[in-house]
Amino acid sequence: MRRSNGPALRRLAAWILILAVTTTLITLAWDSWLIWPAMFLHGILLVHHFSIQHECVHYTVFRTRWLNDVVGQICGLIIILPHRFFRYEHCDHHTYTQITGDDPELIPLPKSFGEYLWYLSAIPYWKAKFTEILRHASGNLSEAEKRFIPKVEHAAVYRDARVMLAIYAALFLGMAVTGNWFLVWYWIVPLFLGEPVMRFVRMTEHVGRPTVPKMSENTRTNMVSAPWAFLCWNMNYHAEHHYVASVPFHALPRLHEKLKDHIHIEKGGYIGAHREIIRQIRARRAPA
């Protein structure tokens, strides 16, 4: 549980370097059809800013507390997810993991293969996300949100949404005035292209696991390759994270060695998890 600034600063340096590389790929492919795969690759990295923000929510990225807040806010701005709101929502996710009606981040097992593909398209995600931030900016919280956001923080949540929308409006106004729409091609389009990959990853954490409070049953750890572990900041060790959420990302592989006999592990990684999800969908659709 010991926290340190060093591992995160080194990983962030590598992260920024890779961002520079994927940005350069878009520039090099500008007048070619290759710009689309370049933007998709860049988008995969952009949507994984969620992984950094997630760790910052737990204050486990840095030992210095304010660094977690600053980096978390920046990541939230990139992926259109206000940091304060996410912190409160995610707290209830850990408190009521996989409990229907109480877990605000619960993703139900799709009822059909079509519903499965619809979720992976990220269209439902973006629809919910834009509705959410516009509702907050207008000064409204849903009844579910009022359960996990303290009343004293309601005004701050509203303010965060308004500030975020104001920043976006200023950026787009600046592009309109200058006639330079580079952020659309280096940020907006890649973000939308990459989000289905994040939906693919997020499904593997809990979808298809029993909707029960027992941590050894309701969460899945996925054994993935080093590049994927880098992108998700070791959140593939998701069951370990739920057991002890205050363990920093860089210590999760060590925690895995201590807990591997007490958790559900998908050795096939993300693909293996999705095979299991699809198997359950088919079983649900099969005649009795």
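Procedures and definitions
- Residues numbered from 1 in each chain as written.
- Predicted model: local features only at pLDDT ≥ 70, side-chain atom pairs only at ≥ 80, totals over all residues.
- Heavy atoms only, no water.
- Helix = DSSP H or I, 4+ residues; strand = E, 2+ residues; numbered from the N terminus.
- Rg over C-alpha atoms; globule rule 2.2 N^0.38 Å.
- Buried < 20%, exposed > 50% of the residue type's maximum accessible area, 1.4 Å probe, protein only.
- Contact = heavy atoms within 4.5 Å.
- Areas by Shrake-Rupley, 256 points an atom, 1.4 Å probe, with all protein chains shown as cover.
- Lys, Arg positive; Asp, Glu negative; His and termini not counted.
- Charge placed at Lys NZ, Arg CZ, Asp CG, Glu CD.
- Expected span 1.5 Å × (residues − 1).
- Arc of directions from axis to C-beta.
- 1 Å grid on protein atoms, 1.4 Å probe; cavity = no way out; pocket = protein on both sides within 12 Å on 5 of 7 lines; lining within 4 Å.
- Points joined across faces, edges and corners; volume = space filled by probe spheres on them.
- Nonpolar A, V, L, I, M, F, W, Y, C, P; charged D, E, K, R; others polar.
- Phe/Tyr/Trp six-rings, centres within 6.5 Å; stacked < 30°, edge-to-face > 60°.
- Core = buried A, V, L, I, M, F, W, Y, C linked by side-chain atoms within 4.5 Å.
- Polar contact = N/O pair within 3.5 Å; in protein donor to acceptor, adjacent residues only side chain to side chain.

Regarding the overall build of the protein
- Looking only at helices and strands, the protein features 15 helices and two strands.
- Its C-alpha atoms give the protein a radius of gyration of 19 Å, within 12% of the compact-globule value 19 Å for 288 residues.
- The principal-axis extent of the C-alpha atoms belonging to the protein is close to 60 × 50 × 45 Å.
- Every one of the 288 residues in the protein was classed for burial, and the buried ones make up 51%.
- Partitioning the intrachain contacts of the protein with sequence separation of at least 6 by distance along the chain shows that 68% fall at a separation of at least 24.
- Put simply, the protein shows about 14300 Å² of open surface, and 65% of that area lies on carbon and sulfur atoms.
- Averaged over its 31 positive side-chain charges, the protein has a centre that lies 2 Å from the centre of its 22 negative ones.

What to know about helix H7 (residues 123-137)
- For H7, spanning 15 residues, the distance from its first C-alpha to its last is 21 Å, which sits close to the expected 21 Å at 1.5 Å a residue.
- Listed as buried for H7 are Tyr125, Trp126, Lys129, Glu132, Ile133, His136 and Ala137. One side of H7 carries all its buried residues, which in axial view fall inside an arc of 130 degrees. Exposed residues lying more than 90 degrees from the buried face of H7 are Lys127 and Leu134.
- Packed against the buried residues of H7 are helix H4 (65-79), helix H5 (83-95), helix H8 (143-148), helix H9 (154-178) and helix H10 (182-206).
- Of the residues trailing H7, glycine 139 is marked for its positive phi of about 85 degrees.

Some words on the layout of surface pockets
- Size it by volume and the largest pocket reaches roughly 860 Å³.
- Lining the largest pocket are 33 residues, and of these Pro104, Glu105, Leu106, Ile107 and Ala128 lie nearest its centre.
- Elements supplying a minimum of two residues to the lining of the largest pocket: H5, helix H6 (113-120), H7, H8 and H10.
- In the lining of the largest pocket, the residues fall into 17 nonpolar, three polar and 13 charged.
- Quantified by volume, the second largest pocket comes out at close to 210 Å³.
- Surrounding the second largest pocket, Leu19, Thr23, His42, Leu46, Leu77, Ile78, Tyr168, Leu171, Phe182, Leu183, Tyr186 and Trp187 form its lining.
- Where the lining of the second largest pocket is concerned, the elements lending two or more residues are helix H1 (6-28), helix H2 (35-47), H4, H9 and H10.
- Counting residues per element, the lining of the second largest pocket draws most heavily on H10, which supplies four residues.

What about the packing of aromatic side chains?
- This model, assessed by the stated rule, comprises 14 aromatic pairs.
- Ring centres 5.9 Å apart and planes at 55 degrees place the aromatic pair phenylalanine 85 and phenylalanine 148 in the tilted group. Of this pair, phenylalanine 85 sits in helix H5 while phenylalanine 148 is found in helix H8, placing the two residues 63 residues apart along the sequence. Per residue, the accessibility class of phenylalanine 85 equals that of phenylalanine 148, and both read buried.
- Look at phenylalanine 130 and phenylalanine 192: their rings are 6.3 Å apart centre to centre, the planes differ by 25 degrees, and that puts the pair in the stacked class. In this pair, phenylalanine 130 is assigned in helix H7 and phenylalanine 192 in helix H10, connecting sequence segments 62 residues apart.
- Since its relative accessible area comes to 35%, phenylalanine 192 is described here as partly exposed.
- Taken together, the ring pairs connect Trp15, Phe230, Trp233 and Phe249 into an aromatic cluster.

Let's talk about the nonpolar core
- Core analysis: the biggest nonpolar cluster contains 48 residues, and Trp15, Ile52, Phe62, Trp187, Leu191 and Trp233 have the highest contact counts within it.
- Breaking this core down by element, the ones donating at least two residues are H1, H2, helix H3 (49-57), H4, H7, H9, H10 and helix H12 (226-231).
- Examining the composition of this core, we find that nine residues originate from one element, H10, more than from any other.
- Apart from the residues within four sequence positions on either side, isoleucine 52 is in contact with Leu12, Trp15, Val61, Val71, Cys75 and Trp233.
- Grouped together as the second largest cluster of nonpolar side chains are twelve residues, Val201, Cys232, Ile263 and Tyr270 included.

So, the side chain of asparagine 5
- Summarising the element assignment, asparagine 5 is placed in the segment before H1.
- By relative accessible area, which is 14% here, asparagine 5 ends up buried.
- For asparagine 5, the side chain forms a polar contact with the side chain of threonine 64, separated by 2.9 Å.
- Setting aside its immediate chain neighbours within four residues, asparagine 5 contacts Phe62, Arg63, Thr64 and Leu67.

Regarding unusual backbone geometry
- In the Ramachandran plot, isoleucine 80 falls in the positive-phi region, its phi being about 65 degrees despite a non-glycine side chain.
- Residue placement: isoleucine 80 occurs in the loop between H4 and H5.
- One non-glycine residue, alanine 122, adopts positive backbone phi at about 75 degrees.
- Mapped onto the secondary structure, alanine 122 falls in the loop between H6 and H7.

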